Amino acid sequence: FFFFNDTATTEIYTEQIVGSVRCVQETDTYEIQEPWKSAGYESTKYVSISGNSYSKEFCRDFGEELKKCVNLERLNLNDIFVGRKKDEIPESLTNLTKYLASNEKLYAMDLSNNAIGPNGAQALAPFFETTKTLKVLIINNCGLGIEGARIIAQALQKGNVNLEVISMARNRIEDDGVTHLASSLRNMTELREVYVFQNFIRKEGMKNLLEALKSTTKLEALDVQDNYIIEGSVDALISIIYNSEKLKVINVSDCNISEDSNERIIEALEATNLKFEKFGYNYNELNDSDLAKRFLNVLVTENPNLKRLDIKGNDFSKNTKKYYQETLKAANKLQVLSRFESDDEEEEDDQTQLFSDLKV
């Protein structure tokens, strides 16, 4: 793979380190050094230029280099426009991606933490409409909004892109944006992981998303933290629990789930045989002692591979907390339990990242 680190020298990797590219960021020039030329572009399978600031001119020239990497499989463009003006980013994205659709090996791309917005989404649309191999798309915290989500969702749908992993978190896509996304996800038969946490998705949008996913037979991970699961969307979530036999990661923390809905969700968990590895249920009014114990019992009893259980912000009594600690300790799983309470926002943010655990 090909990796740009934070220094001015970029190391190139294939099966082993073979050389470097020197990039002078002040003028956005670079030179391909002899070791990479000798190894050949065909040896490059991974390119990362993450954590830097590149001009549209650099992106134009670098896009030409990417065109030569015919066996490129993974591309990390996370946080590459630090300090750049928003109006130059769309052209930069066009320059970087215009030749990638013809790549027959590229399956994973991370575009997170860039000010893409709707205009940048429009610049990316031709790639999404024509790629035949993309399976993993991570586009978190890019300021997409409703319109950016619509553009990308429709481009994916037009291109019949059959993703396995989609992460469009922290983009304020709201109900209308996620409804467009749901329309494209409905036809993705290979979909395994969906991450749309912290997007201001409310009742109708969440219902549309979850209903689109309830017939997805290969779904393994669903993270909708910090949105709303109320009324009809509760029914859709329960349908996913019943229908998704491979589901092993779910995060519905901070989703305003009511106490009545908690009971229905727990009943669904008790009626299935899902083998969860991670379960997020922070701040969801899981206050009733009997319900809280039933929730724990089904997770501990049915899930020998449980690695993480988040239950902060639920109003547990001292006896309930003690029950959780003793039950998990007896199962040799005390380490999977989150804190019962936390006011540390940075810790909350770290936990979200750890829960998703996505990287290209």
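Trainee: Would you mind going over the overall build of the protein in detail, with residue names and values included?
Mentor: In terms of helices and strands, the protein carries 12 helices and 14 strands. Counting only residues that meet the buried cut, the protein has 52% of its 360 residues in that class. In the protein, the share of contacts with a sequence separation of at least 24, taken over all contacts with a separation of at least 6, comes to 81%. Only carbon and sulfur atoms are counted for the fraction: they give 43% of the accessible area of the protein, which is about 15900 Å².

Trainee: Give me the packing of helix α6 (residues 174-185) against helix α7 (residues 203-213): which residues, what numbers.
Mentor: The description of two helices packed together rests on the angle between their axes and the distance between the axes. Their axes nearest at 8 Å, the elements α6 and α7 cross at an angle of 10°. Considering their axes alone, α6 and α7 lie roughly parallel with respect to each other. Taken together, the residues of α7 that come into contact with α6 (itself represented by Asp 175, Val 178, Thr 179, Ala 182 and Leu 185) are Lys 203, Glu 204, Gly 205, Met 206, Asn 208, Leu 209, Ala 212 and Leu 213.

Trainee: Just give me the short version of the confidence of the model for the protein, but keep the residues and values in it.
Mentor: Chain-level statistics for the protein give a pLDDT mean of 87 and a share of 85% at 70 or above. Low pLDDT (under 50) marks residues 1-27, which in the prediction has 72 contacts with non-local residues, meaning those over four places away or in another chain.

Trainee: Please give an account of the packing of aromatic side chains that cites residues and values.
Mentor: Summed over the entire model, instances satisfying the criterion amount to 10 aromatic pairs. Judged by centre distance (4.5 Å) and plane angle (15°), the ring pair of Tyr 54 and Phe 58 falls under stacked. Put simply, the rings of Phe 276, Phe 279, Tyr 281 and Phe 295 touch in pairs and so form one group of aromatic residues. The ring centre of Tyr 99 lies 4.5 Å from the NZ or CZ of Lys 67, which sits over that ring. Here Lys 293 stacks its cationic end above the ring of Tyr 323, 5.2 Å away from the centre of that ring.

Reading guide: rules and limits
Residues numbered from 1 in each chain as written. Predicted model: local features only at pLDDT ≥ 70, side-chain atom pairs only at ≥ 80, totals over all residues. Heavy atoms only, no water. Helix = DSSP H or I, 4+ residues; strand = E, 2+ residues; numbered from the N terminus. Buried < 20%, exposed > 50% of the residue type's maximum accessible area, 1.4 Å probe, protein only. Contact = heavy atoms within 4.5 Å. Areas by Shrake-Rupley, 256 points an atom, 1.4 Å probe, with all protein chains shown as cover. Axes fitted to C-alpha atoms, helices over the stretch in contact; angles between N-to-C directions. Parallel < 35°, antiparallel > 145°, perpendicular 65-115°, else oblique. pLDDT = per-residue confidence, 0-100. Phe/Tyr/Trp six-rings, centres within 6.5 Å; stacked < 30°, edge-to-face > 60°. Lys NZ or Arg CZ within 6 Å of the ring centre and 35° of its normal.

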